[in-house]
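Chain by chain, the residues:
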Amino acid sequence: MHDDLKQLAAAWAARPAEERLGMSRRGFMQFCATLATTLGLSKGADAAVQQAIESARRPSVIWLHFQECTGCTESMLRAEHPTLEKLILDVISLDYHETLFAASGHQIEAARKQAMAENKGKYLLVVEGAIPTRDNGIYCKVGNQTAIELTKECAADAAAVIAIGSCASWGGMPATDPNPTGAAGVQKIIDKPVVTIPGCPPNPYNFLATVVHFLTFGSLPATDPLGRPLFAYSRLVHEHCERRAHFDAGRFALEFGDEGHRRGYCLYKLGCKGPETYANCPTILFGDAGSGTWPVGCGHPCIGCSEEGVGFTKPIHMLAKVKNVEPPAGYPGVAEAQGEGMSLGAAAVLAAVAGAAAGAGAMVAKNLGRQADAGAPPAAGKGAGEQGPGSAA
Ligand code: FSX
Ligand code: SF4
Ligand code: F3S
């Protein structure tokens, strides 16, 4: 890097974190606290998160792209929360990213090798997109190396590996039958543990919280056997869906546009895969646009985009297998009005927080998107709904 640029970068890094991130001090501290809660950390851990984010030492990130639509990166960049893109670009040192880098060809490949050598054993490897395995992986090459070769090479000296999106997690859309290229997830290619953040695209806050966990503790968060962080994927979409009361009461939309659909009834009979899909979509929401901004909230059945064996595998309108069918101890309200959502950003982050904190808190998050009226439903009690994937029926 040119000396002037180095000085500029150093001066920028020396500024207070909230300034770098374009936030007030209060907003920054609140953000750290909510991320700590998102991760299910114990009381007081927000100070550690704050310290980690404030630290000028940014981990080097090598971000590979293979068979995919680039939606993971796009959704990350399109997040409306005022600080997300700044946070992700400021808190980490993105040293290689094919779609965001201005450089190309030998220049960018040299940058990747240099970043890997300089940060040996310390960098984060993020893989976006599936890896074709058929015919020695010839269906996806970058810089004359196959995706298999690149993944192995970059994973060898990585401190941690994150597969972002369903494609990198388990094959996703490119692995749809008959899967002509033998598309597979990162876990099939390397022996190291891989944290998977499935979803097509995944929620950027789940990725962000995972990175912040790494920054804070030097390790990745606890996961289920599929590598999914428990803070985000331990519950079925169905468990915290705002239409769940209609499911329990037997009120279903039977056709798009029918009376039940217009009234916001349950979409199970239109093929909603919420009952067999583990993800925090109903509580974390998308696009920082307030309540209702997730597939079911918009009136479309969940297609199980994050769940291997469901998304891009089961026909969209096929009925879902209903997991965790035992009734919970407490029920959400039946007839409360949907609110307009709280302020931008705050809704998404707080929803992420409470939603991911695993437990009754998820209902709190959903309620944040409603108008603060007295008719808010009670929190879900402990019951079958408290079980994670390992105990699924
Ligand atoms: Fe696309 Fe990412 Fe889907 Fe895949 O997302 S949004 S096809 S999960 O790898 O770019
Ligand atoms: Fe919500 Fe779908 Fe479950 Fe109905 S089936 S309650 S729409 S997740
Ligand atoms: Fe995907 Fe279903 Fe969530 S379609 S985005 S897992 S609601």
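All of these numbers come straight from a predicted model, not from anything done at the bench. (Residues numbered from 1 in each chain as written. Chains lettered and ligands numbered in written order. Predicted model: local features only at pLDDT ≥ 70, side-chain atom pairs only at ≥ 80, totals over all residues.)

Attention shifts here to the overall build of the protein chain. In terms of regular secondary structure, the protein chain is built from 16 helices and nine strands. Relative to its 393 residues, the protein chain shows a buried fraction of 48%. In the protein chain, 73% of the contacts between residues at least 6 apart in sequence involve partners at least 24 apart. (Helix = DSSP H or I, 4+ residues; strand = E, 2+ residues; numbered from the N terminus. Buried ≥ 20, exposed ≤ 12 C-beta atoms within 10 Å, placed from the backbone. Contact = placed C-beta atoms within 7 Å.)

Here we come to the sheet that holds strand β7 (residues 160–164). Ordered by their spatial adjacency, five strands build an open sheet running β2-β1-β3-β7-β9, and the pairing between neighbours is parallel. Only two strands of the sheet have a single neighbouring strand rather than two, namely β2 (93–97) and β9 (194–197). Neighbour to neighbour, the strand axes of the sheet diverge by 20° on average, direction disregarded. Inspection of the sheet shows strand β1 (residues 60–65) paired to strand β3 (residues 124–128) by five bridges, in the parallel sense. Bridging from a neighbouring strand, Val61 pairs with Leu124 of β3. Along the sheet, helix α7 (residues 105–118) makes contact with β1 and β2, crossing β2 at roughly 135°. (Pairing = 2+ DSSP bridges. Axes fitted to C-alpha atoms, helices over the stretch in contact; angles between N-to-C directions.)

With that settled, consider the site of ligand 3. In the region of ligand 3, 13 residues are neighbours, and Ala279, Cys281, Pro295, Cys302 and Cys305 sit closest. Partitioned by chemical class, the residues of the shell around ligand 3 number nine nonpolar, four polar and no charged. (Near = placed C-beta within 6 Å. Nonpolar A, V, L, I, M, F, W, Y, C, P; charged D, E, K, R; others polar.)

Checked against the element boundaries, Gly274 lands in the loop between α13 (259–262) and α14 (281–284). Residue classification places Gly274 among the buried residues on the basis of 28 C-beta atoms within 10 Å. Separated by 46 residues in sequence, Gly274 and Ala320 place their C-alpha atoms 7.7 Å apart.

Ligand 2 sits among 14 residues. The nearest are Cys241, Cys266, Tyr268, Cys272 and Gly274. For the shell around ligand 2, the per-class residue count stands at ten nonpolar, two polar and two charged.

Three or more residues of helix α8 (residues 147–156) are buried, namely Ala147, Ile148, Leu150, Thr151, Cys154 and Ala155. For α8, the angular spread of the buried residues around the axis is 165°, confining them to a single face. (Arc of directions from axis to C-beta.)

A few words on the environment of His317. Its place among the elements puts His317 in the loop between α14 and α15 (346–356). Between the alpha carbons of His317 and Leu270 there is a distance of 5.5 Å; along the sequence they are 47 residues apart. Beyond its immediate chain neighbours, meaning those up to four positions away, His317 contacts Leu270 and Gly271.

Now for unusual backbone geometry. With omega at 10°, the peptide bond leading from Asp177 into Pro178 counts as cis. Mapped onto the secondary structure, Pro178 falls in the loop between α9 (165–170) and β8 (183–184). Going from Cys200 to Pro201, the amide bond is cis rather than trans, its omega being 0°. Counting through the fold element by element, Pro201 comes out in the loop between β9 and α10 (204–217). Even without being glycine, Asp135 reaches a positive phi, approximately 50°. As for its placement among the helices and strands, Asp135 is situated in the loop between β4 (131–132) and β5 (141–142). On the basis of neighbour count, Asp135 is assigned to the exposed category, with 11 C-beta atoms found within 10 Å. In this structure, Asn144 is a non-glycine residue whose phi angle is positive, near 70°. Along the chain, the position of Asn144 falls in the loop between β5 and β6 (145–146). According to the C-beta neighbour criterion, Asn144 is exposed, with 7 such atoms within 10 Å.

For the rest of this paragraph, the subject is the nonpolar core. Ile62, Leu124, Leu125, Ile131, Val161, Ile162 and Val212 are the most contacted members of the largest nonpolar core, which has 89 residues in total. Among the elements that take part in this core, α10 stands out by supplying eight residues, more than any other. Two domains share this core, each providing at least three of its residues, namely domain 1 (58–232) and domain 2 (235–393). (Core = buried A, V, L, I, M, F, W, Y, C linked by C-beta atoms within 7 Å. Domains from an automatic or database assignment.)

Here the focus is the pairing of β3. Burial analysis of β3 places five of its five residues in the buried class, which makes it a mostly covered element. A two-sided burial pattern is seen for β3, the buried positions comprising Leu124, Val126 and Glu128 on one face and Leu125 and Val127 on the other. Bridge count for β3 against β7 is five bridges, and the pairing is parallel. Bridge pairing in β7 places Val126 opposite Ile162.

From the geometry alone we can't say anything about function, so treat these as descriptive.
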